[in-house]
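Structural overview
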Amino acid sequence: MRIKNCKVMQQIITYERESEIKENDHMGTNLQPFPKLRFLELENLPELMNFSYFSSELETTSQGMCSQGNLDIHIPFFSCQASFPNLELELDNLPKLKEIWHHQLPFGSFNNLQILQVYNCPCLLNLIPSHLIQRLENLKEIDINDCEVLEHVFAFDLQGLDRNVGILPKLETLRLGELPRLRYIICDENKNDSMRCLFSHPYAHGFSKPQTSIHPRLYGGRRRGGTCQYSYRRYNVSFPNLETLSLINLLKLKRIWHHQLSPRSFYNLQILEVCNCTCSDLLNLIPSHLIQRFNNLKRIKAYELEVLEHVFDIQGLDINVRILPKLETLELEGLPRLRNIICNGDKNESMKCLFSSPALEDFQNLKCLSIKRCAKEDDDEGHISIPMKDVVLFNEKVSFQNLKEVDVCDCKVLECVFDHRGLNRDVGILPKIEILKLEKLPRLRLIICNEDNEDNNDNMRYLLSPSKFKDFHHLKELHIIKCGILFDEKVLVIKSLPKLKEIDVRILSKLKILRLEKLPRLRCIICNEDKNGSERCLLSPSMFKTFLNLEELHTIDCEIEDKRDVYTPTNDVELSNEQVSFLDGVSYEAFESRASTFNKIMDALRDDEINLFGVVGMGGVGKTTLVKQVAQQAKQQHLFTAQLYIDVSWTRDSCTLQQEVISDIQQNIAEIAVELKQRLKQKKILIILDDIWKEIDLEKVGIPCKDDEKECKIVLASRDGDILCKDMGAQICFPVEHLPPEEAWSFFKKTTGDSVEENLQLRPIAIEVVEECKGLPIAIVTIAKALKDETVAVWKNALEQLRSCAPTNIIGVDEKVYSCLEWSYNHLKGDEVKSLFLLCGSLSYGDISMDDLLQYGLGLDLFDRINSLEQARDKLLALVKILKASSLLLNSHEDRHNSVRMHDVVYDVAREIASKDPHPFVVRDDDGLEKWSETDESKSCTFIFLHCKVVHELPQGLVCPDLQYFLLHNNNPSLNIPNTFFEGMKKLKVLDLSDMHFTTLPSSLDSLANLRTLRLDGCELEDIALIGKLKKLEVLSLAGSTVQQLPNEMVQLTNLRLLDLDDCEELEVIPRNILSSLSRLECLSMISSFTKWVVEGESNACLSELNHLSYLTNLSIEIPDAKLLPKDILFENLTSYVILIGDDDRREFRTRRALKLQSVNRSLHLGDGISKLLERSEELEFIELCGTKYVLCPSNRESFLELKHLQVSNSPNIQYIIDSKDQRFLQHGAFPRLESLVLKILDNLRAVWHDPIPIGCFGNLRTLDVHSCPKLKFLLFLSTARGLSQLEEMMIVNCDAMQQIIVYERESEIKEDGHDGTNLQLFPKLRSLKLNCLPQLINFSSKLETTSSTSLSRNARSKDSFFSHKVC
């Protein structure tokens, strides 16, 4: 529930009568509002007093609540009736909120509250009271901000608490901001002491449960009415699991840590942030007694601490113990009086070195150091002035072996960065430094100070001394901006930094000679103030405007030297990631043995030097699962702006791949590789190419993969490592190994169930079976599913067959994998399911259409003992379910409900099995086809899948006397099939010649006397009269073809059962009597196809011909005008239909029985056929309906019992959806299966229902969508709303007259509703409520009469609460 910006709202739920309030006080009620409410957000409600206050004196509390922080009447926000066991709560800008919780809340109230957020509530005095603190055991996050009078966060009454029960045991995050009167975080209600400790707990084990992160953010620590200074932590607070501590704007903070903290206090602290704490006594951040405890501290951030002199105090410590061994980041900013980062106890020592440590071993893990606006030179009273000479950042006592980034800005006394005089020259300086930024250091003379002070023997000024170039071997960025070292320089040399990519030196007006030498990776010089403008080019013309006196420019052995005139043009084309879908595939098993490989791949994704790498492993080892998990992790960590996954089969060429890339990115761009490459380079994108079988020229298809194009990361997955590394140039390949025995056994048990472990007779056999799987996941899961719940004898048989497996020639597939899959195939029960498996293996790689399988299966007589297409479809679904349960088939990549797919290894094994007797399948290319046709294999095969890529004409014929199935996959539209080609295939049953061009069909087709399925999908067709000779044809599909006229010869196809003419947009002529002659036709599909229906007696087809098709059960047609419907048309046998009447172009439906009527006059009789279809439909859509004020008028009491979706639009005559007085609707409950109701642009709709309807009608409704109904004043009667227990989504938009959503229709009903013994809560499953552009809307529901519009308006406005107490 979200309520925002409702400026006069006083309550969410209100009661309107005293009698009802008294009835509600009966505590035996089970009518708690909103029992499933998960999220409540209230924002900017300036008059809101409470959520629900059940008092007849509500009206007395409506004004003058909280102008000075006091309430006239003290009302808790949540009353005693509130429960909300599953809530997440956010309260924002509620100025009248004083107390949130009632003192008598029911047991279990807010029990599962995990997130509590309260913002801008200026009257709130405390957050969680004592009586509630131990109930909130699941609270994880608290965020409180801008509550002006809040004095306590938690209030404790020790006498009322159970000391054995932890306080907020799961609290992970606590954020407090802008609380100027905060006295305590935890308040002991029995103590009277003045505030000395902000965070103290009455007993130590509070807040010490397994919380992981508490973030106290405290703003505005100045108390009103007192000047007491305090410490943040008291000795009886421990927080052993605290990870993050943030102290911000605590103006009175004198010290942070108590000197008597317990030994493990803050032991796990990882992040410390202290900002804007200006008390004059806060002189150091971490004292000496505590610093050696912080072994886990990783980040310190200290900002705007005006008097801080030291960050760390190490006085009296053992120097042999390392200090802060895990510290990675130290950020210091706005510390004007900083003398030293580390104080060693010498109070008289002047500041010579900002960062010096007693031992070289300290801070060895430090990676990032930032010092800004620190160590100013002002001298204030009571403070030691900072010396003016020889101030350095580091001396010889620190080495920082892992430091990668140093950023020093606005430290005006700093003269040298590194003072290494006296240090052994063999000891490296910052050996891993990558980024060095020095800015606004006016006294800086040297970066490195050596024994001889400067290296200037060659009269050159070096930014880095030549003797120290080796120390900066990894430096990538060098920024020296407004520093004294460069102000007056005339000669500047930068050399021998092999990884330096960027130099930022800004304006050098006096420079005469710039020498860049041995900088092989240098890509950018930034020389003006507009950094963003100049970093697009290597050497821009604007750069030279800043070098007014430059006379010589030397670039020697630099990447930049050959590109000084190269520009990177601005490209305003965005690469969208909104439509790029990542395909999840099968579920991921987090195998521990894969962790190292997984981590290495993630490191490679982060490595700027690697942009192309591979994942290699044999088939079924889990490459796809691994790369998808990597992509998922990269997405969670926001490493890339876009991700793209492409499943690349070995049959795809680069052109197809390019189209796939463009399609997946969902951009309307030309199919040009150069442009595609430029678009990919605009964003940081991850591209995964999976299942690569041959070399792909990435540059050719437009994927940038050169070494200097690091923004595009490409992951390649293949069985063959040579293809990736040698042919495609992968920089590194990560092998995916077999599972170790213990993981294989665990995975096997998880698939078969724990019974295999408990059965002592079965367990040793199972262990041996797993050993035979050789640690390959696909073998394990397949054999495990096949053996699940089988007898010991079956297990033994499986083990013997696995042991005796024969070698296989499948590339990249282990013989054990083949053996497991073959055994699973052999273990399938029945020839039908085995034949379907082999049929799937013979088809093209990728998604497999269920419609294709049905058509092929019918032609091959795959389904035994079936008498109809409906039975065949049901049989197909059952067989597919068996194969899925065995992991031999999978859901499609995009979860298309009408498609399945095969794992690539299963696909290979299926083809290998199918190639053997007694199932000789042949899958081959056209190369050498003529020679192959003379072999014995061609004469014995029964299935041929032919890929035509090269030849332009097939041989004169193939002699395949036993061939039953021939599928031609053609990429060459000019391919010619000789007229004699099919003469040697007398037994052919299935022929698929899709995507061909035929002027006339090959004459040898008439010799296929046994042909039962013919598919010419997507073909360019002219004369197809030859089809009439295929007398046994049962399935004919011309879907998507260019056929313009069906031949008269089709009248001879009296055995035809399925005719698919979908998407035949050029089809305009179907001669009269052709359809009526197809007497055995069961399925006719003509969507986006023929619409030239005529009345009876004309030459073209008429709808009355359908009356002659007594077997017709599945019909999909479009009828442009309802007048073309014969009155006597009968559709009584239809079990599945999509019938569109009118010219609207929406053709997507969710059910198998859908009817759309446009411009239909219901006052005219549509005929019994259509009327019966109306009442049997699962999906109905009416557009421009006229001739009636009701949408649905039943003919009998069984009407509309199957209806699931109803949409009505653009129908000005409609006043009601149904006549609720009609008893035929009400005898068995109206519309028991209706799931969605959509009403749009109904200018005269008065009500959805004419009168109230009984509870139970519309009981399955899940979506209610009402748009642009200007006369609709209310939506539902209360009695109707009570029955909508399944409603999940409600949208009401642009209803100008609507005043209420729910109304009460009778006074008696109002009284009955006040009885709390009922359990009829409203909309318990509502997830989404959208109310938009409803200018007259007063409230959601109110108990008032509907006798007149005047009373509706007057009574509705008498209450200010939008939601009544019954809404849940």
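A brief look at the structure comes next. If you're wondering where the values come from, they're calculated on a predicted model, not measured in any experiment.

Here we take up the overall build of the protein chain. The secondary structure content of the protein chain amounts to 30 helices and 67 strands. Taken over 1368 residues, the protein chain has a buried fraction of 55%. At a minimum sequence separation of 6, the contacts of the protein chain that also span at least 24 residues come to 71%. Surface summary for the protein chain: the accessible area is close to 58000 Å², and the carbon and sulfur share equals 45%.

A word on the nonpolar core. Judged by nonpolar contacts, the single largest core of 176 residues is most densely connected at Phe966 and Leu1275. Apart from residues no more than four positions distant in its own chain, Leu1275 is found in contact with Val1248, Trp1249, Leu1264, Val1266, Met1290, Ile1292, Met1298, Gln1300 and Ile1301. Among the nonpolar cores identified, the runner-up in size contains 101 residues, and Ile601, Phe734, Leu860 and Ala872 belong to it.

Turning to the pattern of salt bridges, a few remarks are in order. In this structure the tally under the stated criterion is 32 salt bridges. Where Arg1150 meets Glu1179, a salt bridge forms, and the shortest distance between an N and an O atom there is 3.9 Å. Of this pair, Arg1150 sits in the loop between strand S54 (1136-1141) and strand S55 (1153-1158) while Glu1179 sits in strand S56 (residues 1179-1183), and the two are 29 residues apart along the sequence. For Arg1150, a relative accessible area of 60% gives the class exposed. Overall, Glu1179 belongs to the buried group, its relative accessible area being 3%. Three or more residues joined by partner-sharing salt bridges are found here, namely Arg1153, Glu1178, Glu1202, Lys1204 and Arg1233.

What follows is about helix H16 (residues 777-787). Burial analysis of H16 places 10 of its 11 residues in the buried class, the great majority of the element. Turning to H16, its buried residues number three or more, namely Pro777, Ile778, Ala779, Ile780, Val781, Thr782, Ile783, Ala784, Ala786 and Leu787.

Attention now moves to the side chain of Gln1286. Looking at the secondary structure, you find Gln1286 in the loop between helix H28 (1278-1282) and strand S64 (1289-1293). In terms of polar contacts, Gln1286 uses its side chain to reach the side chain of Lys1325, at 2.9 Å. Aside from chain neighbours lying at most four places away, what touches Gln1286 is Gly1259, Asn1260, Leu1261, Arg1262 and Lys1325.

Summed over the entire model, instances satisfying the criterion amount to 0 disulfides. Cys374 supplies the cysteine sulfur nearest to Cys411, a cysteine that is in no disulfide, at a spacing of 5.4 Å.

Here we come to unusual backbone geometry. The residue Asn120 is not glycine, and still its phi comes out positive at about 55 degrees. Summarising the element assignment, Asn120 is placed in the loop between strand S6 (115-119) and strand S7 (126-128). The exposure class of Asn120 is partly exposed, given its relative accessible area of 24%. The phi torsion at Asn1294 lies on the positive side, around 60 degrees, for a residue other than glycine. Counting through the fold element by element, Asn1294 comes out in the loop between S64 and strand S65 (1300-1303). Asn1294 gets classed as partly exposed once you look at its relative accessible area, which sits at 32%.

Attention now moves to the sheet that holds strand S41 (residues 890-891). Across the sheet, which stays open at both edges, the 3 strands sit in the order S40-S42-S41 with antiparallel pairing between neighbours. Looking at which strands have only one partner, the edges of the open sheet turn out to be strand S40 (848-849) and S41.

We now examine the pairing of strand S29 (residues 477-483). Within S29, 5 of the 7 residues are buried, which leaves the element mostly enclosed by the surrounding structure. The pairing of strand S27 (residues 435-441) with S29 spans 6 bridges and is parallel. Residue Leu438 lies in a different strand from S29, and its bridge partner there is Ile480.

So, on to the pairing of strand S20 (residues 329-335). The buried count for S20 comes to 7 of 7 residues, which makes it a mostly enclosed element. For S20 and strand S23 (residues 368-374), the ladder comprises 6 bridges, and the chain directions are parallel. Within the sheet, the bridge partner assigned to Glu331 lies in S23 and is Ser370.

So, about helix H26 (residues 1168-1176). Along an α-helix, residues three or four apart share an orientation, since each turn contains 3.6 residues. Those residues of H26 lying buried are Gly1169, Ile1170, Leu1173, Leu1174 and Glu1175. Lining the buried residues of H26 we find S54, S55 and S56.

Moving on: the packing of aromatic side chains. Within the structure shown, the criterion is met by 16 aromatic pairs. Consider the rings of Trp101 and Phe110, whose centres lie 5.0 Å apart with planes at 80 degrees: the pair is edge-to-face. With respect to burial, Trp101 and Phe110 carry one shared label: buried. Between the aromatic rings of Phe1323 and Phe1340, the centroid separation amounts to 6.3 Å while the plane-to-plane angle is 90 degrees, which identifies the pairing as edge-to-face. Here Phe1323 is found in the loop between helix H29 (1307-1313) and strand S66 (1328-1332), whereas its partner Phe1340 is found in strand S67 (residues 1339-1342), with 17 residues between them in sequence. The class of Phe1340 is buried, set by a relative accessible area of 0%. Over the face of the ring belonging to Tyr303 we find Lys301, whose NZ or CZ atom lies 4.7 Å from the ring centre. The residue whose ring lies beneath Arg911 is Phe945, and the NZ or CZ to ring-centre distance is 5.7 Å.

This next bit is on the packing of helix H19 (residues 831-842) against helix H22 (residues 904-914). Direction vectors running N to C along H19 and H22 enclose 110 degrees, while the axes themselves pass 8 Å from each other. Here H19 is positioned roughly perpendicular relative to H22, judged by the angle of their axes. The handedness of the crossing between H19 and H22 comes out as left-handed. Contacts between H19 and H22 involve Phe837, Leu838, Cys840, Gly841 and Ser842 on the former and, on the latter, Val906, Tyr907, Ala910, Arg911, Ile913 and Ala914.

This brings us to the environment of Ser1279. Mapped onto the elements, Ser1279 comes out in helix H28. Using a relative accessible area of 10% as the deciding quantity, one classes Ser1279 as buried. In sequence terms Ser1279 and Pro1252 are 27 residues apart; their C-alpha atoms lie 6.6 Å from each other.

The next thing to look at is the environment of His473. Topologically, His473 is positioned in the loop between strand S28 (446-449) and S29. Taking the C-alpha atoms as reference, His473 lies 5.7 Å from Leu497; in sequence the two are 24 residues apart. When neighbours within four sequence positions are excluded, His473 is seen to be in contact with Pro498 and Lys499.

Cut-offs applied
- Residues numbered from 1 in each chain as written.
- Predicted model: local features only at pLDDT ≥ 70, side-chain atom pairs only at ≥ 80, totals over all residues.
- Heavy atoms only, no water.
- Helix = DSSP H or I, 4+ residues; strand = E, 2+ residues; numbered from the N terminus.
- Buried < 20%, exposed > 50% of the residue type's maximum accessible area, 1.4 Å probe, protein only.
- Contact = heavy atoms within 4.5 Å.
- Areas by Shrake-Rupley, 256 points an atom, 1.4 Å probe, with all protein chains shown as cover.
- Core = buried A, V, L, I, M, F, W, Y, C linked by side-chain atoms within 4.5 Å.
- Salt bridge = Lys/Arg side-chain N within 4 Å of Asp/Glu carboxyl O.
- Polar contact = N/O pair within 3.5 Å; in protein donor to acceptor, adjacent residues only side chain to side chain.
- Disulfide = S-S within 2.5 Å.
- Pairing = 2+ DSSP bridges.
- Phe/Tyr/Trp six-rings, centres within 6.5 Å; stacked < 30°, edge-to-face > 60°.
- Lys NZ or Arg CZ within 6 Å of the ring centre and 35° of its normal.
- Axes fitted to C-alpha atoms, helices over the stretch in contact; angles between N-to-C directions.
- Parallel < 35°, antiparallel > 145°, perpendicular 65-115°, else oblique.
- Left-handed = near helix turned anticlockwise from the far one by under 90°.

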